[in-house]
Amino acid sequence: MAAVTRESPGTADTAPPVPRRAPLMTRLRRIGLPYLLCVPAIVLELLVHVVPMLAGVVMSFYHLTRLYLRNWQNAPFAGLSNYKVSLQLDNAVGQSLLASFARSIAFTVLSVGFAWLLGFGASVVLQGKVRGRGFWRTLFLFPYALPLYASVFTWTFMFQRDNGLINQLLVHDLHLFTPDKAPFWLLGGNSFYALVITEIWQKWPFAFLMLMAGMQNIPGDLFEAASIDGAGVGMQIRKIVMPMLRPVNVVVILVLFLWTFNDFNTPYLLFGFGSVPDQADLLSIHIYSSTFQNQNFGLGSAQSVLLLLFLLVVTAVYLMVTRRRRDAV
Amino acid sequence: MLSDPVWFRWVRRVFLTLLAVFTLVPIYVMVTTGLKSLSDVNGDFTWLPNLNVSAFVDMWSTIPLGRYFLNSVIVCTTAAVLSVLVAMLAAYALSRYRFPGRGVFSTTVLSTQMFPGILFLLPLFLIFVNIDNTLGFSLFFGTRFGLILTYLTFTLPFAIWMLTAYFDSIPRDLDQAAMVDGAGPLGALFRVVVPTALPGIVAVTVYAFMTAWSEVLFASVMTTPASRTLAIGLQEYSTSTNVYWNQLMAASFVVSIPVVALFLLLQRYLVQGLTAGAVK
């Protein structure tokens with residue numbers, strides 16, 4: 001940072017030193033400038049993020065149904081009943097919410113786990129001066145660069161029962177099933193796995209990108225010293241790569257978790273715009289349909305608030321645990 | 001680098017080959033299916049197409065693809081450019097000034113990034129509809145303007161974050177030299193900082209554009225047939241009687257070209273910007 005005299009708290013620390021008798025207006029302008037620069041961003045954030053979020057919290061306390069959409073001021077106050085309905089396990093609403101929550105957890109654990117594993121594997125084998133490194137990186141970034149819907153539609157086509165690639169492979173090429181027993185991938189139990197595979201395909205390049213960048217920051221002498229001491233590849237991965245990569249891993253896993261858990265687009269598109277089979281009904285889809293298809297906006301808001309609270313708690317606990325462990329080491 | 005015994009070289013070859021197959025198969029399917037006729041597509045899946053480019057012609061008339069394309073281009077370009085302009089100002093303040101509220105501002109902005117979209121969707125929808133009702137005409141709901149405003153804000157947190165990092169890497173002496181020459185802070189920003197950070201700024205703009213181009217959730221609720229974007233419009237290839245898979249794949253391929261081309265062109269800067277925060 002350049003050496004500047006700091007005049008008073010709140011004054012820009014990079015501004016040229018203010019002459020003693022600068023006119024008041026000039027000084028005010030200097031103090032106000034950073035705020036002024038942030039005003040457009042603040043206004044937009046308020047309008048599109050903060051106010052709607054607060055409005056969502058307020059709405060969750062009302063019986064806001066289709067009837068009150070145009071005159072929402074008249075919607076009857078509901079107290080905590082939207083929350084009670086969502087959390088009570090003796091009714092259908094609560095049970096299905098819990099089921100879709102559990103499904104989202106399973107979906108997230110599987111998708112993030114495999115996405116991380118593939119990304120980590122690729123960045124380990126491409127560590128250092130591997131020939132064609134740039135080529136592989138560009139190739140693996142394609143799923144990340146493609147618009148999400150283009151890739152999801154392609155997966156939908158590949159998972160078609162009668163004219164898709166997957167069944168062509170399983171039924172006609174490998175003869176694992178007879179044609180009349182060809183599996184359905186977008187209906188029933190398999191739809192969950194179809195969803196997980198599609199999600200992994202999209203997300204693993206992100207893990208790869210981040211981990212590869214993190215890997216580049218590991219000093220090369222560490223590996224050389226270790227290999228002189230006789231440590232093999234496995235040992236080097238365990239004793240050098242894993243600890244050095246820890247901070248990057250913490251961030252990558254958190255970001256992947258939040259993205260995947262909140263993912264709405266993939267299930268929404270994969271099964272043909274919203275007709276999601278029960279076995280793939282994730283939390284985001286569940287809230288969307290209870291809000292827009294059943295037109296119960298109060299209930300939908302309450303469930304979104306619950307989702308947010310869950311994410312906040314998980315993030316806070318995760319950061320606390322990872323930080324404490326780092327301090328302990 | 002890691003030790004490189006022979007067995008590890010084989011692990012590398014096998015692993016990279018498998019990953020390449022996994023990555024490329026859907027892309028191959030997308031491209032070749034676009035090159036098939038509808039009757040071929042409806043039959044058993046074949047690896048090699050009997051070349052037929054009719055899908056690339058017919059896709060423009062089966063649905064108003066041109067209009068959706070235009071909507072997407074207008075909405076995403078405007079949103080990306082405005083988002084970066086707004087982010088540039090805020091990032092300059094965050095990078096060059098220490099002011100009370102700075103920490104709160106940057107934390108709040110960044111944390112909105114992790115909130116589920118579904119949480120804002122409904123209230124934002126209601127707010128837009130109700131403002132429009134009060135005004136008596138559609139300003140926000142179902143218009144390109146409303147969508148631009150939404151996308152612009154969505155990409156804002158990340159743009160601010162990335163640009164602040166870029167600006168931090170530019171020596172402050174440069175701004176000060178400009179100010180000594182009589183430029184104000186804004187002059188320093190636009191005449192010195194922006195030109196120096198240009199690759200980063202372009203990368204952030206492309207990133208914002210890509211994010212908007214792929215957005216589905218808000219487009220599904222906030223658009224009408226007139227303002228519909230590609231993300232939602234492409235579903236119309238699936239009708240109650242038939243799915244025009246060849247045209248859907250051809251259209252998916254064509255709409256991917258702009259973003260993939262931009263991405264590849266600016267790969268180095270994008271990767272730098274994306275990884276900077278996590279790796280530092």
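The rules behind these values
Residues numbered from 1 in each chain as written. Chains lettered and ligands numbered in written order. Predicted model: local features only at pLDDT ≥ 70, side-chain atom pairs only at ≥ 80, totals over all residues. Helix = DSSP H or I, 4+ residues; strand = E, 2+ residues; numbered from the N terminus. Rg over C-alpha atoms; globule rule 2.2 N^0.38 Å. Buried ≥ 20, exposed ≤ 12 C-beta atoms within 10 Å, placed from the backbone. Contact = placed C-beta atoms within 7 Å. Core = buried A, V, L, I, M, F, W, Y, C linked by C-beta atoms within 7 Å. Nonpolar A, V, L, I, M, F, W, Y, C, P; charged D, E, K, R; others polar. Axes fitted to C-alpha atoms, helices over the stretch in contact; angles between N-to-C directions. Parallel < 35°, antiparallel > 145°, perpendicular 65-115°, else oblique. Left-handed = near helix turned anticlockwise from the far one by under 90°. Expected span 1.5 Å × (residues − 1). Arc of directions from axis to C-beta. pLDDT = per-residue confidence, 0-100.

Side note on the overall build of chain B
- Scanning chain B from N- to C-terminus turns up 14 helices and zero strands.
- Listed N to C, the secondary structure of chain B is α-α-α-α-α-α-α-α-α-α-α-α-α-α in terms of helices and strands.
- When the backbone C-alpha atoms are referred to their principal axes, chain B occupies close to 70 × 70 × 35 Å.

Some details on the overall build of chain A
- Scanning chain A for helices and strands turns up 12 helices and zero strands.
- What you see in chain A, going N to C, is helices and strands ordered as α-α-α-α-α-α-α-α-α-α-α-α.
- Its C-alpha radius of gyration of 26 Å places chain A more than 25% over the 20 Å reference for a compact globule of 329 residues.
- Seen through its C-alpha atoms, chain A measures out along the principal axes to roughly 90 × 75 × 40 Å.
- Residues counted as buried form 40% of the 329 residues belonging to chain A.
- At a minimum sequence separation of 6, the contacts of chain A that also span at least 24 residues come to 61%.

So, the nonpolar core
- By size, the foremost hydrophobic cluster in this structure holds 163 residues, and its most contacted members are Ala207 of chain A together with Ala87, Ala90 and Leu163 of chain B.
- Those residues in contact with alanine 90 of chain B that lie beyond four places of it in its chain are Leu37, Cys38 and Ala41 of chain A together with Ile160 of chain B.

Topic: the interface of chain B and chain A
- Every contact between the two is made by 87 residues of chain B and, on the other side, 92 residues of chain A.
- With 14 residues, the top contributor of residues to the side of chain B that touches chain A is helix H1 (residues 6-34) of chain B.
- Among the residues making up the side of chain B that touches chain A, the classes are represented as 62 nonpolar, 18 polar and seven charged.

Re the packing of helix H7 (residues 190-216) of chain A against helix H9 (residues 233-262) of chain A
All names here are of chain A.
- The N-to-C vectors of H7 and H9 enclose an angle of 150°; their axes lie 10 Å apart at closest approach. Taken together, the axes of H7 and H9 lie roughly antiparallel to each other. Seen from above, H7 lies across H9 with right-handed handedness. Across the interface between the two elements, Glu199, Lys203, Phe206, Ala207, Met210, Leu211, Gly214 and Met215 of H7 pack against Val241, Leu245, Val248, Val252, Leu256 and Thr260 of H9.
- Partitioning the contact of H7 with H9 into residue classes produces 10 nonpolar, two polar and two charged.

Thoughts on the packing of helix H4 (residues 133-145) of chain A against H1 of chain B
- Closest axis-to-axis distance for the H4 of chain A/H1 of chain B pair is 9 Å, and the angle between their directions is 45°. One element, H4 of chain A, and the other, H1 of chain B, form an angle in the oblique class. For the pair H4 of chain A and H1 of chain B, the crossing hand works out as left-handed. Contacts from Trp136, Leu139, Phe140, Phe142 and Pro143 of chain A of H4 of chain A reach H1 of chain B at Leu16, Leu19, Ala20, Thr23 and Ile27 of chain B.
- Here the contact of H4 of chain A with H1 of chain B is composed, by residue class, of nine nonpolar, one polar and no charged.

Examining helix H9 (residues 185-196) of chain B
- A rise of 1.5 Å per residue sets the reference length of H9 of chain B, with its 12 residues, at 16 Å; its end C-alpha atoms lie 15 Å apart and thus fit the reference within 8%.
- Of all the residues in H9 of chain B, the buried ones are Pro185, Ala188, Leu189 and Val193 of chain B. Within H9 of chain B, the buried residues cover an arc of 100° as seen down the axis, which keeps them to one side.
- The elements touched by buried residues of H9 of chain B are helix H1 (24-59) of chain A together with helix H4 (65-96), helix H7 (144-168) and helix H8 (172-180) of chain B.

Overview of the environment of threonine 153 of chain B
- Structurally, threonine 153 of chain B can be placed in helix H7.
- As a C-alpha pair, threonine 153 of chain B and alanine 20 of chain B span 133 residues in sequence and 36 Å in three-dimensional space.

Some words on the confidence of the model for chain A
- When pLDDT is averaged along chain A, the result is 85, and 91% of the positions lie at 70 or above.
- Contacts of residues 1-13 of chain A to residues separated by more than four positions or lying in other chains number 22 contacts, the stretch itself having pLDDT below 50.

Details of the environment of leucine 139 of chain A
- Looking at the element boundaries, leucine 139 of chain A is found in helix H4.
- Look at leucine 139 of chain A and you get partly exposed, because 17 C-beta atoms sit within 10 Å.
- Discounting chain neighbours no more than four positions away, the residues touching leucine 139 of chain A are Ala20 and Thr23 of chain B.

Re the environment of isoleucine 201 of chain B
All names here are of chain B.
- The topology assignment puts isoleucine 201 in helix H10 (residues 198-214).
- Exposure remark for isoleucine 201: the 25 C-beta atoms within 10 Å place this residue in the buried category.
- Residues isoleucine 201 and valine 21, spaced 180 residues apart in sequence, show a C-alpha to C-alpha distance of 34 Å.
- When sequence neighbours within four positions are dropped, the list of residues in contact with isoleucine 201 reads Val84, Leu163 and Val194.

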